Amino acid sequence: MRAVLLTLVFLAGLGLAGAAAVVTFGLYNVSAQAGHLPGVSWLLHTTFRNSVALRAPSMEDAPPLDDPDLIALGAGHYATACAFCHAAPGEARAATAAAMVPAPPPIEEAVAQWEPNELHWIVENGVKMTGMPGWPVEERGDEVWAVVAYLVAIQNGQAPKLPEASEGVAYCRTCHEAIAGPVPRLDILSATYIEDQLGLYATGVRPSGIMAQAVSVVEREDFAGLARELAASTTAPTARAIAGDGAAGERLAKQGTRDVPACTACHNGEAGKGPVLHGQSEAYLAQHLKLWREGTYQHNAKMLAAARDLSDAEIAALAAWFASLNSEE
Ligand code: HEC
Ligand code: HEC
Ligand code: HEC
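Residues numbered from 1 in each chain as written. Chains lettered and ligands numbered in written order. Predicted model: local features only at pLDDT ≥ 70, side-chain atom pairs only at ≥ 80, totals over all residues. Heavy atoms only, no water.

(A) Fine view of the packing of helix α10 (residues 191-203) against helix α12 (residues 223-231). Orientation of α10 relative to α12, taken along the N-to-C sense of each, is 135°, at an axis distance of 8 Å. As judged from the angle between their axes, α10 and α12 are oblique. Note on packing geometry: the crossing formed by α10 with α12 is right-handed. Taking contact as the criterion, the partners of A191, I194, E195, L198, G199 and A202 in α10 are, on α12, F223, A224, A227, R228, L230 and A231. (Axes fitted to C-alpha atoms, helices over the stretch in contact; angles between N-to-C directions. Helix = DSSP H or I, 4+ residues; strand = E, 2+ residues; numbered from the N terminus. Parallel < 35°, antiparallel > 145°, perpendicular 65-115°, else oblique. Left-handed = near helix turned anticlockwise from the far one by under 90°. Contact = heavy atoms within 4.5 Å.)

(B) Spatial organisation of the site of ligand 3. Lining the immediate surroundings of ligand 3 are 26 residues, of which C263, C266, H267, Y284 and M303 lie closest. In the environment of ligand 3, an oxygen atom lies 2.9 Å from a nitrogen or oxygen atom belonging to the side chain of Q197. Between ligand 3 and the protein, one listed contact pairs a nitrogen atom with a side-chain N or O atom of H267 at 2.7 Å. Where the shell around ligand 3 is concerned, the elements lending two or more residues are α10, α14 (282-293), α15 (301-307) and α16 (312-324). The leading source of residues in the shell around ligand 3 is α14, at 5 residues. When residues of the shell around ligand 3 are assigned to domains, at least three fall in each of domain 2 (168-231) and domain 3 (246-324). (Near = heavy atom within 4 Å. Polar contact = N/O pair within 3.5 Å; in protein donor to acceptor, adjacent residues only side chain to side chain. Domains from an automatic or database assignment.)

(C) Region of the structure containing the site of ligand 2. The environment of ligand 2 is formed by 27 residues, the closest being C172, C175, H176, M211 and Y297. A distance of 2.8 Å is found between a nitrogen atom of ligand 2 and a side-chain nitrogen or oxygen belonging to H176. Residue H288 places a side-chain N or O atom 3.2 Å away from an oxygen atom belonging to ligand 2. At the level of elements, α3 (68-81), α9 (168-176), α10, α11 (209-216) and α14 are the ones that each hand at least two residues to the shell around ligand 2. For the shell around ligand 2, the element with the highest residue contribution is α10, accounting for 5 residues.

(D) The arrangement of unusual backbone geometry in detail. Residue P102 is reached from V101 by a cis peptide bond, and omega for that bond is -5°. The backbone phi angle of M129 is positive, close to 65°, even though this residue is not glycine. Here M129 is to be found in the loop between α7 (116-125) and α8 (141-155). Located in the positive-phi region is E139, a residue other than glycine, with phi close to 65°. In this fold, E139 is placed in the loop between α7 and α8.

(E) View of the environment of C172. Along the polypeptide, C172 turns up in helix α9. Along the chain, C172 and S41 lie 131 residues apart, while their C-alpha atoms are 40 Å from each other. If near-sequence neighbours (up to four positions away) are discounted, C172 is found in contact with L226 and L230.

(F) Spotlight on the coordination of the iron atom of ligand 2. Protein coordination of the iron atom of ligand 2 is provided by H176 (NE2) and M211 (SD), with donor distances spanning 2.0 to 2.2 Å. With 6 donor atoms in place around the iron atom of ligand 2 and angles of 87 to 178° between them, the coordination shape is octahedral. On the criterion of sequence distance, the pair formed by H176 in helix α9 and M211 in helix α11 is long-range, its members being 35 residues apart. What makes H176 buried here is its relative accessible area of 12%. For M211, a relative accessible area of 17% gives the class buried. (Donors = N, O, S within 2.8 Å, 3.2 Å for Na, K, Ca; no water. Tetrahedral: all angles 85-135°; square planar, octahedral: opposite > 155°, others 65-115°. Buried < 20%, exposed > 50% of the residue type's maximum accessible area, 1.4 Å probe, protein only.)

(G) Representation of the domain arrangement of the protein in the model. Annotation of the protein at the domain level lists domain 1 (62-155), domain 2 (168-231) and domain 3 (246-324). Each of domain 1 and domain 3 has a C-alpha centre, and the two are 32 Å apart.

(H) The coordination of the iron atom of ligand 3, seen in detail. Surrounding the iron atom of ligand 3 are the protein donor atoms H267 (NE2) and M303 (SD), which sit 2.0 to 2.1 Å from the metal. Given 6 donor atoms and angles of 87 to 178° at the metal, the environment of the iron atom of ligand 3 is assigned as octahedral. In this pair, H267 sits in the loop between α13 (246-255) and α14 while M303 sits in helix α15, placing the two residues 36 residues apart along the sequence.

(I) Representation of the environment of S31. As for its position among the elements, S31 is in the loop between α1 (2-24) and α2 (40-55). Along the backbone, S31 and L44 are 13 residues apart, and their C-alpha atoms lie at a distance of 17 Å. A polar atom in the side chain of S31 sits 3.0 Å from the backbone nitrogen of Q33.

Put into structure tokens, the structure is as follows:
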């Protein structure tokens, strides 16, 4: 018995020494050109597949994935955040991206085998040790659904074309003046407010993966100029029909309740008090009031307090009323 134990200890020691030698003397070849040893790719991919299946979120929180505005937003994000590795549908990958190990599959192949909730998990979390990045900020699984909507449209062969590459304010307009629903209008906002928000997105104080990506492809010195041009713009996407009950929203917004302050005390167009909400997108307002209520957004203490006690029904009514107003009022 003692001899068996000693032999086991000796073998374990030999194994550790071997591993230490591989690490210390650089014996393992990390060359991407050498690829993986036979069987390793299979092992890694099976681990990946089962790990995703175990952790994918429930579809209960998903917005309708066939919403054309959501798909267009996902396409806009994909164009600058994903296409340089996975290419646009139907196009070839850059030779250097295709030489990665593992290589990013062309996007039609990448989406083929996954359910929408699994795609959500992959895009939010990324895949360790592969080069597949996670979402740039935490706690914003809500905005990952836009990318999932676009990926599902690819699966169905119904993906819209990606927006043409553009620069400066033209780039911002590909989303803000073309897409309604989840994308806010900027033409109703002041240049100062827009510039402040760009700073908050760039530092992550206002967490959004979509806007973090967008501000990272323009220069910081250009924020003020972009803000001025966008605030002076007269183009907004075609508004959708209002879904909620605006009348209940008007009372609440103007008078408040015991728990909720009157919104119009601050959101009345006066400089420095709060952004104009008149004519803003209903879907965007509802989504963002929830982000404040849940504390995902915390970048203004007064607004955080104002949203804390809102119910779902109050949020729907407020969003409907503000969205129904003429932005000139
Ligand atoms: C730097 C390159 C890179 C970028 C940028 C990138 N990916 Fe990937 N992606 C990869 C690699 C590499 C894999 C392969 C992982 C594997 O097969 O183990 C991958 C895997 C995937 C998969 C799973 C495919 C499969 O079955 O293996 C999906 C879906 C995906 N990416 C979507 C996206 C989306 C959407 C974006 C943008 C938000 C994106 N990727 C950005 C490199 C990238
Ligand atoms: C891919 C689409 C897309 C692009 C491109 C884009 N945006 Fe955005 N933008 C969004 C979305 C979605 C939001 C909401 C983000 C959030 O959850 O806070 C947003 C929010 C904003 C806000 C906050 C508005 C508010 O009411 O508080 C500003 C300001 C803004 N974007 C400016 C810009 C500027 C400037 C550019 C160009 C550099 C730009 N955006 C490019 C999609 C986009
Ligand atoms: C005490 C002042 C105050 C009150 C009351 C207030 N807000 Fe705000 N709100 C603000 C400020 C300030 C901001 C801008 C924060 C920033 O700098 O980004 C804001 C931001 C917002 C935004 C923008 C969020 C975005 O993501 O684009 C919405 C929507 C909003 N408020 C809705 C409301 C509603 C609805 C009410 C009433 C229930 C309300 N607010 C009450 C001050 C207030």
